[in-house]
There are 6 protein chains.
Amino acid sequence: MVYVTRKAHFSAAHRLFNPEFSDEENERVFDKCNNPRGHGHNYTIEVTVAGEPDRKTGYVIDLKKLGELIDREILTKVDHKHLNFDVVELRGIIPTAENITLVFWKMLAPHITEGKLYKVRVAESDNNYAEYLGT
Amino acid sequence: MVYVTRKAHFSAAHRLFNPEFSDEENERVFDKCNNPRGHGHNYTIEVTVAGEPDRKTGYVIDLKKLGELIDREILTKVDHKHLNFDVVELRGIIPTAENITLVFWKMLAPHITEGKLYKVRVAESDNNYAEYLGT
Amino acid sequence: MVYVTRKAHFSAAHRLFNPEFSDEENERVFDKCNNPRGHGHNYTIEVTVAGEPDRKTGYVIDLKKLGELIDREILTKVDHKHLNFDVVELRGIIPTAENITLVFWKMLAPHITEGKLYKVRVAESDNNYAEYLGT
Amino acid sequence: MVYVTRKAHFSAAHRLFNPEFSDEENERVFDKCNNPRGHGHNYTIEVTVAGEPDRKTGYVIDLKKLGELIDREILTKVDHKHLNFDVVELRGIIPTAENITLVFWKMLAPHITEGKLYKVRVAESDNNYAEYLGT
Amino acid sequence: MVYVTRKAHFSAAHRLFNPEFSDEENERVFDKCNNPRGHGHNYTIEVTVAGEPDRKTGYVIDLKKLGELIDREILTKVDHKHLNFDVVELRGIIPTAENITLVFWKMLAPHITEGKLYKVRVAESDNNYAEYLGT
Amino acid sequence: MVYVTRKAHFSAAHRLFNPEFSDEENERVFDKCNNPRGHGHNYTIEVTVAGEPDRKTGYVIDLKKLGELIDREILTKVDHKHLNFDVVELRGIIPTAENITLVFWKMLAPHITEGKLYKVRVAESDNNYAEYLGT
């Protein structure tokens, strides 16, 4: 089993906010991430696929095609967007790194047909990231 | 003359948009950067001060103090904010990297009392940055 | 289960040295890391916590609070210090990346009350790092 | 059990090409990676060894020695070479990141005598890497 | 005057070799960079344009368009190529970082119609780069 | 004129301290950088040489040789050392980034015989660096 990883980048705005919370509660819980107009990040997404390299190509999955898949299924929907308003798949979800990672897994998994989706990592800055391995 | 540089980071949302343009013109000129709800970046700011090292301290300017100055004069105003709405100094200004750099220069210059402000660089991503040297 | 990671930085001096070894043995085993006056690094620490995102906040653990915890329990004790002399928790321990990682795990584990401490990584340079997963 | 990792760098040319394929098939499968004269990368290799830190040295394995081992067993054979022609161990193997990782594992494993080889990662760019854990 | 910079990436093979030199001379001068089959790099190109931000757009030059220009004039010609054989503009030129930088300047300069081309930087690794400012 | 730059790395301890100051003054001026046992950094040095590429080699200066020069004249003297005690050239000098940069310029300048030394940059962390251009 070999694990291959493709990294991609997008820029987006978000706001951490729970509509069921009072303003004070949102302020207390989410602090500066609760700025009403939102703030933003250069996000990095890393997608890892596990499998055996194909004998004829040497690929677990062609990373160029995995890049195109990430582009089509994720980046076109989130790049240069506001994650709280512009992304159907994130409706009603607080866009923490944790939740974004879970949603991206669901968006990608059905499309990985060579090898098996093993891990999705989403970093919102150099210092903060979340990872999901499917369970 | 020695040049010393301090780097700092902030995360913010912005939208490129000229209210004097029609919607079509904004769309054509600013493309995906014109998303109505905005998008965002992890910005990096680099501030360079030029001067002779002080004989007693070996400092052109104490970089820890320069860091505190950047924090007080810039970061507290822009970090986790929406640059089109939340920052007084950017009111009425299209928040391109170029314009942000010019505004940050003005915000910092009066406070540099050891050495001389030499350059401000603002990067909105790993691939894009603007610099201003005061003239 | 989602894994969230917070990265932090500190600068410290250290010397690799075993008082039970002869000078020649220390020299042979630790080579240039045995310089009597010590040398130093910009260390990076990465702390990973595993758990289920809270339904109301979307957080496994608030990474800003995890950052404050790392700051309080680790950085205030080691940043700008000499690891062989200035840190109570490292007394009598050869400050290799391996041992520092084990000590940091012990310093952090009792304080992680949301989710579960999953991994501690300590890098002493871009090319060298150690990781501990608790067993 | 502590995991220690050493990173190293080399620059090499390669071409993705299967001699059993027709020219059209090579073109279709490997696309621009099939350029007849080859192209190249600054590769990064990360080698992770697992073990218990030795009581007397605090080392799982001396990372300086692990670095010398990587240098001797890998870098001298691949750095500034063309991977399709100049490396005995890669003869007859399509030099994808996956296959390079598997070959490097075999080249290194017999020489790791302190601790146990746990993982080999080979990155061919900032966005693409492969990992092998021995099974 | 504001300076804006766009960074881009390509992967290519090259060989340092002067056909007027004897084999021994090539070996002595270019050392491991003279490997007959070539080696390769992940190159980084940074293009800096100087000008006054346009009042209506806030741009010296739209960095997205500068990116497309670099892509069209440079990357399509050099990415995943062998610089000694596949690039018309580099024919008869020893592809050192210095010479590549000079050639890229000539390839880009006629196409910069907003602002003025100020600097081209080409890095062949994290540790080596060349810059040209037009004189 | 082309500018070529070589980057190198070393790890060292230092303490900011002026023996003419009282303890209180050292504490007030140098703060945590005045820790008596010292602290340390992974330093980065960048050396830029300006010149015209040689017609026969395409080099301003062979960057591999520049790297060996930096290694011989600088790194062997400062790597894994304590800058306040172990380096003859830094005796009696407060080892701020500014002063280290000035001293490294003096140590390198006489040995640059192809092209002309243009700039020395010394970074003590990702966020702090000093540069000297010879005047």
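Presented here is an overview of the structure given in this document.

Procedures and definitions
Residues numbered from 1 in each chain as written. Chains lettered and ligands numbered in written order. Predicted model: local features only at pLDDT ≥ 70, side-chain atom pairs only at ≥ 80, totals over all residues. Heavy atoms only, no water. Helix = DSSP H or I, 4+ residues; strand = E, 2+ residues; numbered from the N terminus. Buried < 20%, exposed > 50% of the residue type's maximum accessible area, 1.4 Å probe, protein only. Contact = heavy atoms within 4.5 Å. Lys, Arg positive; Asp, Glu negative; His and termini not counted. Charge placed at Lys NZ, Arg CZ, Asp CG, Glu CD. Buried area = accessible area lost by both parts, 1.4 Å probe. Salt bridge = Lys/Arg side-chain N within 4 Å of Asp/Glu carboxyl O. Polar contact = N/O pair within 3.5 Å; in protein donor to acceptor, adjacent residues only side chain to side chain. Least-squares fit on C-alpha atoms with pLDDT ≥ 70 in both. Pairing = 2+ DSSP bridges. Axes fitted to C-alpha atoms, helices over the stretch in contact; angles between N-to-C directions. Parallel < 35°, antiparallel > 145°, perpendicular 65-115°, else oblique. Left-handed = near helix turned anticlockwise from the far one by under 90°. Nonpolar A, V, L, I, M, F, W, Y, C, P; charged D, E, K, R; others polar. Phe/Tyr/Trp six-rings, centres within 6.5 Å; stacked < 30°, edge-to-face > 60°. Lys NZ or Arg CZ within 6 Å of the ring centre and 35° of its normal. Patch = residues over 30% accessible without salt bridge, like charges linked within 9 Å, V, L, I, M, F, W, Y side chains within 5 Å. Areas by Shrake-Rupley, 256 points an atom, 1.4 Å probe, with all protein chains shown as cover. Core = buried A, V, L, I, M, F, W, Y, C linked by side-chain atoms within 4.5 Å.

## Quick notes on the overall build of chain A
Turning to step 1, where the next piece is worked out: Summing up its helical and strand segments, chain A has three helices and five strands in all.
Turning to step 2, where the next piece is worked out: Starting at the N terminus and ending at the C terminus, chain A contains elements arranged as β-α-β-α-β-α-β-β.
Turning to step 3, where the next piece is worked out: Across its three principal axes, chain A shows a C-alpha extent of roughly 60 × 25 × 25 Å.
Turning to step 4, where the next piece is worked out: Relative to its full complement of 135 residues, chain A shows a buried share of 59%.
Turning to step 5, where the next piece is worked out: Put simply, 68% of the contacts in chain A that link residues at least 6 apart link residues at least 24 apart.
Turning to step 6, where the next piece is worked out: Positive and negative charge centroids in chain A, built from 18 and 21 side chains respectively, lie 6 Å apart.

## Description of the side chain of Thr96(D)
Turning to step 1, where the next piece is worked out: Among the structural elements, Thr96(D) can be located in the loop between strand E3 (81–82) and helix H3 (97–108).
Turning to step 2, where the next piece is worked out: The buried category is assigned to Thr96(D), whose relative accessible area is 1%.

## Focus on the interface of chain A and chain B
Turning to step 1, where the next piece is worked out: The partner chain B presents 20 residues to the 20 residues of chain A that form the contact.
Turning to step 2, where the next piece is worked out: Both faces combined, the contact of chain A with chain B buries some 1,600 Å², and carbon together with sulfur accounts for 52% of it.
Turning to step 3, where the next piece is worked out: When the area that chain A buries against chain B is broken down by residue, the three leading residues are Arg37(A), Asn42(A) and His80(A), summing to 37%.
Turning to step 4, where the next piece is worked out: Put simply, chain A and chain B have two salt bridges between them.
Turning to step 5, where the next piece is worked out: When the shortest N-O distance is used, the salt bridge between Asp79(B) and Lys32(A) registers 3.0 Å.
Turning to step 6, where the next piece is worked out: On inspection of chain A and its partner chain B, the count reaches 17 residue pairs in polar contact (both at pLDDT 80 or more).
Turning to step 7, where the next piece is worked out: Those elements giving two or more residues to the side of chain A that touches chain B turn out to be strand E1 (2–14), strand E2 (39–51), strand E3 (81–82) and strand E4 (116–125) of chain A.
Turning to step 8, where the next piece is worked out: The greatest single-element share of the side of chain A that touches chain B, amounting to four residues, is contributed by E2(A).

## Brief notes about the relation of the copies chain A and chain B
Put simply, the second copy of the chain is the first one after a rotation about an axis and a shift along it.
Turning to step 1, where the next piece is worked out: It takes a turn of 180° to lay chain A on chain B, together with a shift of 0.0 Å along the axis; the resulting RMSD is 0.0 Å. One copy is carried onto the other by what is essentially a two-fold rotation axis.

## Here we look at the pairing of strand E4 (residues 116–125) of chain B
Residue and element names in this part refer to chain B.
Turning to step 1, where the next piece is worked out: Bridge count between strand E2 (residues 39–51) and E4: seven bridges; the pairing is antiparallel. When the bridges of E4 are listed, glutamate 46 appears paired with arginine 121.
Turning to step 2, where the next piece is worked out: Strand direction decides the pairing type here: E4 and strand E5 (residues 128–132), joined by five bridges, are antiparallel. The partner of valine 122 across the bridge, within E5, is alanine 130.
Turning to step 3, where the next piece is worked out: The loop that links E4 with its antiparallel partner E5 comprises two residues.

## What to know about the packing of helix H2 (residues 63–78) of chain A against helix H3 (residues 97–108) of chain A
Geometrically, a packed helix pair is captured by the angle between its two axes and the distance between the axes.
Residues and elements named next belong to chain A.
Turning to step 1, where the next piece is worked out: At a minimum axis separation of 10 Å, H2 and H3 run at an interaxial angle of 135°. The orientation of H2 relative to H3 falls into the category oblique. The interaxial crossing formed by H2 with H3 has right-handed handedness. Contacts between H2 and H3 involve Leu69, Ile70, Glu73, Ile74, Lys77 and Val78 from the former and Phe104, Met107 and Leu108 from the latter.
Turning to step 2, where the next piece is worked out: For the contact of H2 with H3, the residue count by class is seven nonpolar, no polar and two charged.

## Quick look at the packing of aromatic side chains
Turning to step 1, where the next piece is worked out: A full pass over the atoms with the stated rule returns 36 aromatic pairs over all chains.
Turning to step 2, where the next piece is worked out: Taking the centre distance of 5.2 Å and the plane angle of 75° together, the rings of Trp105(A) and Tyr132(A) count as edge-to-face. Separated by 27 residues along the polypeptide, Trp105(A) in helix H3 and Tyr132(A) in strand E5 (residues 128–132) bring together distant segments of the chain.
Turning to step 3, where the next piece is worked out: Residue class for Trp105(A) comes out buried when judged on its relative accessible area of 14%.
Turning to step 4, where the next piece is worked out: We classify Tyr132(A) as buried; its relative accessible area is 13%.
Turning to step 5, where the next piece is worked out: A connected cluster of aromatic rings, assembled from ring pairs, spans Phe10(A), Tyr43(A) and Phe104(A).
Turning to step 6, where the next piece is worked out: Between the NZ or CZ atom of Arg121(A) and the centre of the ring of Tyr129(A), over which it lies, the distance is 4.1 Å.
Turning to step 7, where the next piece is worked out: Its end group placed over the ring of Phe85(D), Arg37(E) keeps NZ or CZ at 3.7 Å from the ring centre.

## Comments concerning the pattern of salt bridges
Turning to step 1, where the next piece is worked out: Scanning all chains against the criterion turns up 55 salt bridges over all chains.
Turning to step 2, where the next piece is worked out: The partner of Lys119(A) in a salt bridge is Glu131(A), and the shortest N-O contact between them spans 3.2 Å. In this pair, Lys119(A) sits in strand E4 while Glu131(A) sits in strand E5, placing the two residues 12 residues apart along the sequence.
Turning to step 3, where the next piece is worked out: Residue Glu131(A) is classed as buried on the basis of its relative accessible area, which comes to 8%.
Turning to step 4, where the next piece is worked out: Residues joined in a network through salt bridges with shared partners are Lys7(B), Glu46(B), Lys119(B), Arg121(B) and Glu131(B).

## A closer look at a negative patch on the surface
Turning to step 1, where the next piece is worked out: Together, Asp126(A), Asp126(B), Asp126(C), Asp126(D), Asp126(E) and Asp126(F) line one region of the surface with negative charge.
Turning to step 2, where the next piece is worked out: The exposure class assigned to Asp126(E) is exposed, which follows from its relative accessible area of 64%.

## Remarks on the nonpolar core
Turning to step 1, where the next piece is worked out: In this structure, Ile45(B), Phe104(B), Ile45(E), Phe104(E), Ile45(F) and Phe104(F) are the most contacted members of the largest nonpolar core, which totals 105 residues.
Turning to step 2, where the next piece is worked out: Leave out the neighbours within four places in its chain, and Ile45(B) touches Arg6(B), Lys7(B), Ala8(B), Phe10(B), Ile70(B), Ile74(B), Leu75(B), Phe104(B), Leu108(B), Val120(B) and Arg121(B).
Turning to step 3, where the next piece is worked out: Ranked by size, the runner-up nonpolar core spans 103 residues in total, among them Ala12(A), Val87(C), Tyr43(D) and Leu66(D).

## Things to note about the interface of chain E and chain D
Turning to step 1, where the next piece is worked out: Contacts between chain E and chain D engage 20 residues on the former and 20 residues on the latter.
Turning to step 2, where the next piece is worked out: With both chains or domains summed, chain E and chain D bury close to 1,600 Å², and 52% of this area falls on carbon and sulfur atoms.
Turning to step 3, where the next piece is worked out: Considering only the surface of chain E that becomes buried against chain D, Arg37(E), Asn42(E) and His80(E) emerge as the three largest contributors, covering 38% of it.
Turning to step 4, where the next piece is worked out: On inspection of chain E and its partner chain D, the count reaches two salt bridges.
Turning to step 5, where the next piece is worked out: Our count for the chain E to chain D interface comes out at 17 residue pairs in polar contact (both at pLDDT 80 or more).
Turning to step 6, where the next piece is worked out: Counting only elements with at least two residues in the side of chain E that touches chain D, the list comes to strand E1 (2–14), strand E2 (39–51), strand E3 (81–82) and strand E4 (116–125) of chain E.
Turning to step 7, where the next piece is worked out: Classifying every residue of the side of chain E that touches chain D gives four nonpolar, 10 polar and six charged.

## Some remarks on the environment of Val88(B)
Residues and elements named next belong to chain B.
Turning to step 1, where the next piece is worked out: In this fold, valine 88 is placed in the loop between strand E3 (81–82) and helix H3 (97–108).
Turning to step 2, where the next piece is worked out: Valine 88 sits in the exposed class, given a relative accessible area of 59%.
Turning to step 3, where the next piece is worked out: Linking valine 88 and methionine 1, residues 87 residues apart in sequence, is a C-alpha distance of 35 Å.

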